[in-house]
Amino acid sequence: MTLSRKIAAALDENTRAYNLPCSVTVDEGPDRVTLEIAALDAVGVALDGLEFATTDRKEWSPPELNAWGERIARRVTYLMEPLHVLEVDGGRGEVQLRSQTPTSRGDARNYYEVRLSRDGICRVERFAYDPADRRRRRTTCHLTREVVERLAEDLAATSR
């Protein structure tokens with residue numbers, strides 16, 4: 001069974017059986033996806049975060065992380081805003097991607113942030129920046145079930 005089918009089955013089960021918010025984890029071979037679900041219905045999912053992890057490698061070098069980030073930016077083009085590699089921190093072993101152009105809603109600017117770490121973990125979150133208080137706050141990612149499934153498959157494919 002593929003990651004996307006396991007996610008679909010887990011979301012179907014979650015719709016019937018679990019109290020929200022909750023976390024759902026699925027594994028397929030060396031890959032693991034954890035969904036932090038805030039809300040769920042037959043069409044969509046509100047996620048506080050999505051974490052993808054792969055155990056194909058023990059540790060990723062900064063150039064390997066940067067290449068993974070570039071592959072994600074090229075392949076994951078269906079979110080609200082296109083992603084781009086913002087920063088490579090070789091000392092910490094992290095790469096950060098963000099939305100190229102945040103979406104404005106009222107006074108806030110909303111954007112995706114993706115962090116890759118040297119241990120093969122990719123974390124996807126959404127933030128809202130309010131210029132009035134100059135703070136950012138994590139907000140939910142509102143995605144269809146199909147986009148969640150596709151995102152998991154694309155993160156797995158780009159990690160190879």
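Across its full length, the protein chain holds three helices and 10 strands. Taken over C-alpha atoms, the radius of gyration comes to 16 Å for the protein chain, in line with the 15 Å a tight globule of 160 residues would show. Residue burial in the protein chain is summarised as follows: out of 160 residues, 44% are buried. Counting contacts in the protein chain only where the partners sit at least 6 residues apart, residues at least 24 apart contribute 49% of the total. On the protein chain, roughly 8300 Å² of surface is accessible, and the fraction owed to carbon and sulfur atoms is 46%. Seen as two clouds, the 25 positive and the 27 negative side-chain charges of the protein chain have centres 2 Å apart.

Moving on: the pairing of strand S9 (residues 135-139). As defined by bridge partners, strand S8 (residues 121-130) adjoins S9 across five bridges and the pair is classed as antiparallel. Note that in S9 the partner of Arg 126 across the bridge is Thr 139.

With that settled, consider unusual backbone geometry. A cis amide bond, omega -5 degrees, links Leu 20 with the succeeding residue Pro 21. Here Pro 21 is to be found in the loop between helix H1 (3-17) and strand S1 (22-28). The phi dihedral of Arg 134 falls on the positive side, at around 55 degrees, and the residue is not glycine. If you trace the backbone, Arg 134 turns up in the loop between S8 and S9.

Relative to the helices and strands, Thr 158 resides in helix H3 (residues 145-158). With a relative accessible area of 3%, Thr 158 lands in the buried category. Here Leu 155 takes part through its backbone oxygen, which lies 3.1 Å from a polar atom of the side chain of Thr 158. When neighbours within four sequence positions are excluded, Thr 158 is seen to be in contact with Trp 68, Arg 71, Ile 72 and Arg 75.

Our focus in this paragraph is the pattern of salt bridges. Two side chains with opposite charge may pair up if their charged atoms get near one another. The final tally for this structure, using the stated rule, is 20 salt bridges. The salt bridge partner of Glu 51 is Arg 32, with a shortest N-O separation of 3.9 Å. Of this pair, Glu 51 sits in strand S3 (residues 44-54) while Arg 32 sits in strand S2 (residues 31-40), and the two are 19 residues apart along the sequence. By relative accessible area, which is 23% here, Glu 51 ends up partly exposed. The exposure class of Arg 32 is partly exposed, given its relative accessible area of 30%. Between Arg 123 and Glu 36 there is a salt bridge, with the nearest N and O atoms lying 3.0 Å from each other. Within this pair, whereas Arg 123 is found in strand S8, its partner Glu 36 is found in strand S2, the two being separated by 87 residues in sequence. With a relative accessible area of 17%, Arg 123 lands in the buried category. Here the salt bridges share partners, and the residues they tie into one network are Arg 32, Glu 36, Glu 51, Arg 123, Glu 125 and Arg 138.

Rules behind the numbers
- Residues numbered from 1 in each chain as written.
- Predicted model: local features only at pLDDT ≥ 70, side-chain atom pairs only at ≥ 80, totals over all residues.
- Heavy atoms only, no water.
- Helix = DSSP H or I, 4+ residues; strand = E, 2+ residues; numbered from the N terminus.
- Rg over C-alpha atoms; globule rule 2.2 N^0.38 Å.
- Buried < 20%, exposed > 50% of the residue type's maximum accessible area, 1.4 Å probe, protein only.
- Contact = heavy atoms within 4.5 Å.
- Areas by Shrake-Rupley, 256 points an atom, 1.4 Å probe, with all protein chains shown as cover.
- Lys, Arg positive; Asp, Glu negative; His and termini not counted.
- Charge placed at Lys NZ, Arg CZ, Asp CG, Glu CD.
- Pairing = 2+ DSSP bridges.
- Polar contact = N/O pair within 3.5 Å; in protein donor to acceptor, adjacent residues only side chain to side chain.
- Salt bridge = Lys/Arg side-chain N within 4 Å of Asp/Glu carboxyl O.

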